[in-house]
Amino acid sequence: MLAYLQKIITLSVLTAAFGWLAYFWTSAPVLAVAGFVLMALGHTGLLAIEFLLMKQVNKDDPVAPPTWKELLGAWWGESWTAPQVFCWRQPFRSDAIPDQLSPGAVIEGRRGVVFVHGLLCNRGFWTPWMARLQRSGHAFVALNLEPIWGSIDDYVPQIEAAVQQITRATGRAPLLVCHSMGGLAARAWLKSLKAETRVHHVVSIATPHHGTWLARFGHGHNGRQMHLLSDWHAQLDRDMPADCHALFTCWYSNCDNIVFPASSATLPGADNRLVPGAAHVQLAFLPQVIQASLALLEDTPR
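Presented here is a report on the structure given in the accompanying data block. (Residues numbered from 1 in each chain as written. Predicted model: local features only at pLDDT ≥ 70, side-chain atom pairs only at ≥ 80, totals over all residues. Heavy atoms only, no water.)

**A closer look at the overall build of the chain**
We count it as follows: Under the scheme used here, helices are H or I runs from DSSP no shorter than 4 residues and strands are E runs no shorter than 2 residues, and both carry numbers assigned from the N terminus. Burial status follows relative accessibility: with a 1.4 Å probe on protein chains alone, a residue under 20% of its type maximum counts as buried, one over 50% as exposed, and anything between as partly exposed. Contacts were defined at the residue level, with two residues in contact if any of their heavy atoms lie within 4.5 Å. Note that accessible areas follow from Shrake-Rupley with a 1.4 Å probe, and for residues the cover is restricted to the protein chains shown. By the counting rule applied here, Lys and Arg register as positive and Asp and Glu as negative, while His and the ends of each chain are not counted. Each charge is placed at NZ for Lys, CZ for Arg, CG for Asp and CD for Glu.
On a plain count of helices and strands, the chain comes out with 10 helices and six strands. For the chain, the spread of C-alpha atoms along the three principal axes comes to 70 × 50 × 35 Å. For the chain, with 302 residues in total, the buried portion stands at 52%. A fraction of 73% describes how many contacts in the chain between residues 6 or more apart in sequence connect residues 24 or more apart. When the accessible area of the chain is evaluated, it comes to approximately 13,700 Å², of which 64% is carbon and sulfur surface. Charged side chains in the chain number 22 positive and 21 negative. The centres of these two groups are separated by 5 Å.

Structure representation (structure tokens):
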């Protein structure tokens, strides 16, 4: 469903932009180009607003606020990265790389990965990661979390099924790699099923572990759950003691335009790794994040 909606939105914007350009090109070329640019690159203006809000909110956060140079670099990086995800990989390429579970494709004894995406995303988000694992012979399952606007707790059975699939295929506890809301879904799974012994490690990338200021504009059940210091977060913290946080590596940034204040993407007792100057979606595709996260597959316990 999400892929279909994003496909319709992408094609509609492109049709409108090129239609405007063609209609006004002869009579008013300046207006034609201006309208085309506004429609094709309008997302960059919305991103700029997010970054300015983030910079203001982060002033009182313990994490050092971004410089204007870092902010500009993050805006540029997100302006380039986000359309690749939301206008190409997710709507048109979500099934381009299937889950890898068959014995002929998986090298025996290698640990597998469960990928858990964030809000308004699908498995296509993880395409560069999956391509890398496909070449290395690691098993992986990438989820499509549904319902889109449901409770984060509704995703627990889907994560459980994927973990069981990977464990059966490899005989080893999997690595969970999660972006944004996906990290909260992984914590809900751990809490609900007391599953700490059945996972090797959890990587969260730009996850609002304590909520995010921007969630006040969100819709749906999961959006309300991601409010800063929400009752849902409080319950999650009570039911999942901090000593479980050693299972987590939390990547976060002082330029995250969706999850802020920046420290809300960290967990006490976790391996919290700050990447200055990286935006929300951009952070998931930085080489250092991918390489260090997948290096955890080679760790020996469990």
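**Things to note about the side chain of T81**
Residue position: T81 is located in helix α4 (residues 68-92). On the accessibility criterion, T81 (11% relative accessible area) is buried. Not counting residues up to four positions away in its chain, the partners in contact with T81 are V281, Q282 and F285.

**Some thoughts on the sheet that holds strand β6 (residues 271-274)**
Remark on secondary structure: sheet strands pair via backbone hydrogen bonds, oriented parallel or antiparallel. Applicable threshold: Here the rule is simple: two strands pair whenever DSSP picks up at least two bridges between them. Helix axes are fitted to C-alpha atoms over the stretch in contact, other axes to C-alpha atoms as well, and angles between N-to-C directions run from 0 to 180 degrees.
Within the open sheet, the six strands sit side by side as β2-β1-β3-β4-β5-β6. Their pairing is parallel. In the strand order of this sheet, the two ends are held by β2 (140-142) and β6, each with one partner. The average undirected angle you get between the axes of adjacent strands in this sheet is 15°. Here strand β3 (residues 175-179) runs beside strand β4 (residues 201-205); their pairing, made up of five bridges, is parallel. Across the sheet, V177 pairs through a bridge with V203, a residue of β4. Contacts between helix α7 (residues 181-193) and the sheet are confined to β1 (113-116), β3, β4 and β5 (248-252), with β3 contributing the most and set at about 135° to the helix. Packing against the sheet, helix α10 (residues 287-294) makes contact with β3, β4, β5 and β6, and its axis sits at approximately 180° to β5.

**Some words on the layout of surface pockets**
Spelled out, the test is: Cavity means a closed set of points on a 1 Å grid over the protein atoms alone, one where a 1.4 Å probe fits but cannot get out, pocket means an open set with protein on both sides within 12 Å along at least 5 of 7 lines, and lining means a residue has an atom within 4 Å of a point. Grid points are joined across faces, edges and corners, and a volume is the space filled by probe spheres set on the points. Three classes are used, and their members are as follows: Ala, Val, Leu, Ile, Met, Phe, Trp, Tyr, Cys and Pro are nonpolar, Asp, Glu, Lys and Arg are charged, and the others, Gly among them, are polar.
In this structure, the largest pocket encloses a volume near 1,600 Å³. For the largest pocket, the lining is made up of 49 residues, of which L47, E50, A82, F86 and L120 are closest to its centre. Listing elements by their share of the lining of the largest pocket, those giving two or more residues are α1 (2-24), α2 (29-40), α3 (42-57) and α4. Residues belonging to the lining of the largest pocket are distributed by class as follows: 33 nonpolar, 14 polar and two charged.

**What to know about unusual backbone geometry**
Excluding glycine, residues mostly carry a negative phi; peptide bonds, for their part, are mostly trans. Cis geometry is adopted by the peptide bond preceding P147, which originates at E146 and carries an omega value of 0°. Its place among the elements puts P147 in the loop between β2 and α6 (156-170). With an omega of 10°, the peptide bond running from F260 to P261 counts as cis. Although it is not a glycine, K194 sits at a positive phi angle of roughly 50°. By the secondary structure assignment, K194 is in the loop between α7 and β4. With phi around 50°, L229 is a residue other than glycine that occupies positive phi space. For L229, the position within the fold is in the loop between α8 (220-225) and α9 (231-239).

**As for the pattern of salt bridges**
The criterion, for reference: The salt bridge criterion pairs a side-chain nitrogen of Lys or Arg with a carboxyl oxygen of Asp or Glu, the two atoms within 4 Å.
A complete count under the given rule lists four salt bridges for this structure. Here E160 makes a salt bridge to R198, at a shortest N to O gap of 2.7 Å. Note that E160 is positioned in helix α6 and R198 in the loop between α7 and β4, a separation of 38 residues in sequence. Classification of E160 by relative accessible area gives buried; the value is 13%. The class of R198 is partly exposed, set by a relative accessible area of 31%.

**Overview of the environment of A284**
Here A284 shows up in the loop between β6 and α10. The exposure class of A284 is buried, given its relative accessible area of 0%. Taking the C-alpha atoms as reference points, A284 and P128, separated by 156 residues in sequence, lie 10.0 Å from one another. In this structure, A284 is in contact with F125, W129, H179, I205 and I290, ignoring residues within four places of it in sequence.

**Quick notes on the packing of aromatic side chains**
Short version of the rule: Any Phe, Tyr or Trp ring, taking Trp's six-membered ring, that has another such ring centre within 6.5 Å forms a pair; planes under 30 degrees apart are called stacked, those over 60 apart edge-to-face, and the others tilted.
Across all of its chains, the model carries 13 aromatic pairs by this definition. Taken together, a centroid distance of 4.5 Å and an interplanar angle of 45° make the contact between W20 and F24 tilted. Residue W20 and its partner F24 are both found in helix α1; the two are separated by four residues, about one turn of the helix. The exposure class assigned to W20 is partly exposed, which follows from its relative accessible area of 31%. Seen in terms of ring centroids, F125 and F285 are 5.0 Å apart; in terms of plane orientation they differ by 45°. Their pairing is tilted. Of this pair, F125 sits in the loop between β1 and α5 (127-136) while F285 sits in the loop between β6 and α10, and the two are 160 residues apart along the sequence. The buried category is assigned to F125, whose relative accessible area is 1%.

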